[in-house]
Amino acid sequence: MSALFNNYARRSVHLVKGKGTYVYDEQGKPYLDFTSGIAVVSLGHAHPAIVNALKEQSEKLWHISNLFESPEQEQLAQSLLKNTPLSRAFFCNSGAEANEAAIKLARKHTAKHVIITFEQSFHGRTFGAMAATGQEKVKLGFGPMLDTFRTIPFNDVNALEAAIDEDVAAIMLEVIQGEGGVNTVTPAFASKIQELCQAKDILCIVDEVQTGIGRTGTKYAYEHTVLQPDIITLAKGLGGGFPIGAMLGSEKLAESFGPGAHGTTFGGNPLAVAVAQTIVEHVFDETFLLSVQQKSRYLIERLKFSLPANLFEILGEGLLIGIKCKDDVTSIIKLAEDQGLLIVQAGPNVIRLLPPLTVTEKEIDEAVELLTTVMLVPSE
Ligand SMILES: *Cc1c(COP(=O)(O)O)cnc(C)c1O
């Protein structure tokens, strides 16, 4: 019997070591890691710059709390905010916490309580973030939910127009729904959101927990759209495996988060900030981002060449790529794992590929070859 709660359907692989795109189990069997710990290990496993940043900081100072000033948080905030419409940052420890901060800030600033979210969205597992999430399976057994959220079909302009009234504080979306099936916002829908937000003084919250920090080939995924967010939330790739989350907001929101309005003990802790600063400096480099775009095109081309278009649809952007299949993909994921390739599901029948942003073309070749072997073999 396990001493752990059974809340995860864990795979029976015990990984003990990682380097770059590879991880190794107890027996030393290598696996190509196209999960990156769910879009987290952005610079690959054991990247020397990250290891050094953590080592150096660990010998100086681990934790001081937010009772004291932090030029390090200031610097990280400036790096994250540069060339965005936003000018303020708040640091926390996870994606759900970043979204909680966003929900609280939107309600406080507008003095309204309705936030529009979308079906198949995922915003986290805490009470507010869970209620925001547009997937029934996430909420099952935990009701009644907060009545803040009005969840409507994604990319449905008519449903959106119909959902707007004077109680609406914000519209909250993922530009690409990661957990929900790698569904990208359509240009028409993004335009409508932007138009309504501007016309009705509604806040636009973009949940970039999965899509942010270079994952889609740009610093943030909203850059692919016409959206001008008032709030962005971040986590996953920001810490490369060290827990950290962030909420970025526009200047007009600053007064609503004054002293005592919100907080966290660990958020923006020196260890997390040192690691995140190193990651952001690497990933936000123009040449690095161009390399992510290049590798993305390569991966998509290879997939389209190897997988018949009548059976498989390629979705996503950058290195957040989905392969939409006709049937459930659970067995493919298991077969790939046996062959030494780690991948993850999104929605019921989408395979999600999330390699580290440092993946090489050779590793992409290997992964596509393994994947096509297990996907095109007729199952008995
Ligand atoms: C993973 C995820 C979250 C939740 O992040 P946690 O760190 O697990 O709390 C929120 N939003 C999106 C889009 C995510 O992918």
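Each value, and the rule that gives it
- Residues numbered from 1 in each chain as written.
- Predicted model: local features only at pLDDT ≥ 70, side-chain atom pairs only at ≥ 80, totals over all residues.
- Heavy atoms only, no water.
- UniProt positions renumbered as here; feature names shortened; annotations may be inferred.
- Buried < 20%, exposed > 50% of the residue type's maximum accessible area, 1.4 Å probe, protein only.
- Helix = DSSP H or I, 4+ residues; strand = E, 2+ residues; numbered from the N terminus.
- Pairing = 2+ DSSP bridges.
- Axes fitted to C-alpha atoms, helices over the stretch in contact; angles between N-to-C directions.
- Contact = heavy atoms within 4.5 Å.
- Domains from an automatic or database assignment.
- Buried area = accessible area lost by both parts, 1.4 Å probe.
- 1 Å grid on protein atoms, 1.4 Å probe; cavity = no way out; pocket = protein on both sides within 12 Å on 5 of 7 lines; lining within 4 Å.
- Points joined across faces, edges and corners; volume = space filled by probe spheres on them.
- Nonpolar A, V, L, I, M, F, W, Y, C, P; charged D, E, K, R; others polar.
- Near = heavy atom within 4 Å.
- Areas by Shrake-Rupley, 256 points an atom, 1.4 Å probe, with all protein chains shown as cover.
- Sits in = over half its atoms within 2 Å of the grid points.

- Going by an unreviewed UniProt entry, the protein carries the name Acetylornithine aminotransferase and comes from Sporosarcina oncorhynchi.
- In the Subcellular location (unreviewed entry) part of its UniProt record, the protein is described as follows: "Cytoplasm".

## Brief notes about the pairing of strand β10 (residues 203-207)
Where a strand is regular, its side chains alternate between the two sheet faces.
Thought 1: Extensive coverage of β10 is indicated by the burial of 5 of its 5 residues.
Thought 2: Side chains Leu203, Ile205 and Asp207 project from β10 onto one buried face, and the interleaved Cys204 and Val206 project onto a second face that is buried too.
Thought 3: Taken together, the 4 bridges between strand β7 (residues 168-173) and β10 define a ladder with parallel strand orientation. Counterpart to alanine 170 in the pairing with β10 is leucine 203.
Thought 4: In the sheet, β10 pairs with strand β11 (residues 231-234) via 3 bridges, with the strands oriented parallel. In the strand pairing of β11, valine 206 is matched with isoleucine 232.

## Things to note about the sheet that holds strand β13 (residues 313-317)
Thought 1: As summarised here, the arrangement of the 4 strands in space is β13-β14-β17-β16, forming an open sheet in which the pairing is antiparallel. Each having just a single partner strand, β13 and β16 (344-346) make up the two edges of the open sheet. Averaged over all pairs of adjacent strands, the angle between their axes in this sheet comes to 30°, without regard to strand direction.
Thought 2: In this sheet, strand β17 (residues 350-353) lies alongside β16 in antiparallel orientation, the contact comprising 3 bridges. Bridge assignment links glutamine 345 to a residue of β17, and that residue is isoleucine 351.
Thought 3: Contacts from helix α10 (residues 286-306) reach β13, β14 (320-324) and β17 within the one sheet, and its direction differs from that of β14 by about 10°.

## Focus on the domain arrangement of the protein
Thought 1: Domain annotation for the protein reports domain 1 (15-34 + 286-375) and domain 2 (50-283).
Thought 2: Relative to domain 2, the C-alpha centre of domain 1 lies at a distance of 26 Å.
Thought 3: Contacts between domain 1 and domain 2 engage 20 residues on the former and 19 residues on the latter.
Thought 4: For the pair domain 1 and domain 2, the summed buried surface comes to about 1,500 Å²; carbon and sulfur atoms form 61% of the total.
Thought 5: Three residues, Leu289, Glu317 and Leu320, lead the burial of domain 1 against domain 2; their summed loss comes to 36% of the area buried on that side.

## Quick word on the layout of surface pockets
Thought 1: By volume, the largest pocket amounts to about 2,000 Å³.
Thought 2: What lines the largest pocket is a set of 48 residues, among which Tyr8, Ile38, Glu179, Val344 and Arg352 lie closest to the centre.
Thought 3: Per-element accounting of the lining of the largest pocket gives the leading share, 4 residues, to helix α11 (residues 330-338).
Thought 4: Residue composition of the lining of the largest pocket, by class: 19 nonpolar, 18 polar and 11 charged.
Thought 5: Shared between two domains, the lining of the largest pocket holds at least three residues of each, these being domain 1 (15-34 + 286-375) and domain 2 (50-283).
Thought 6: Of the volumes computed, that of the second largest pocket is approximately 860 Å³.
Thought 7: Lining the second largest pocket are 29 residues; nearest its centre among them are Gln73, Ala89, Phe90, Phe91 and Phe257.
Thought 8: Counting residues per element, the ones that place at least two in the lining of the second largest pocket are α3 (71-81), β4 (88-92) and β12 (245-249).
Thought 9: When residues of the lining of the second largest pocket are assigned to their parent elements, the largest contribution, 5 residues, is made by α3.

## Let's talk about the site of the ligand
Thought 1: Close contacts around the ligand come from Ser94, Gly95, Ala96, Asn99, Phe122, His123, Gly124, Glu174, Asp207, Val209, Gln210 and Lys236, and that covers them all.
Thought 2: For the ligand, whose unbound accessible area comes to 380 Å², protein coverage reaches 81%.
Thought 3: Judged by the proximity of its atoms to the pocket grid, the ligand belongs to the largest pocket.
Thought 4: Here the element with the most residues in the shell around the ligand is helix α4 (residues 95-110); it accounts for 3 residues.
Thought 5: By residue class, the composition of the shell around the ligand is 3 nonpolar, 6 polar and 3 charged.

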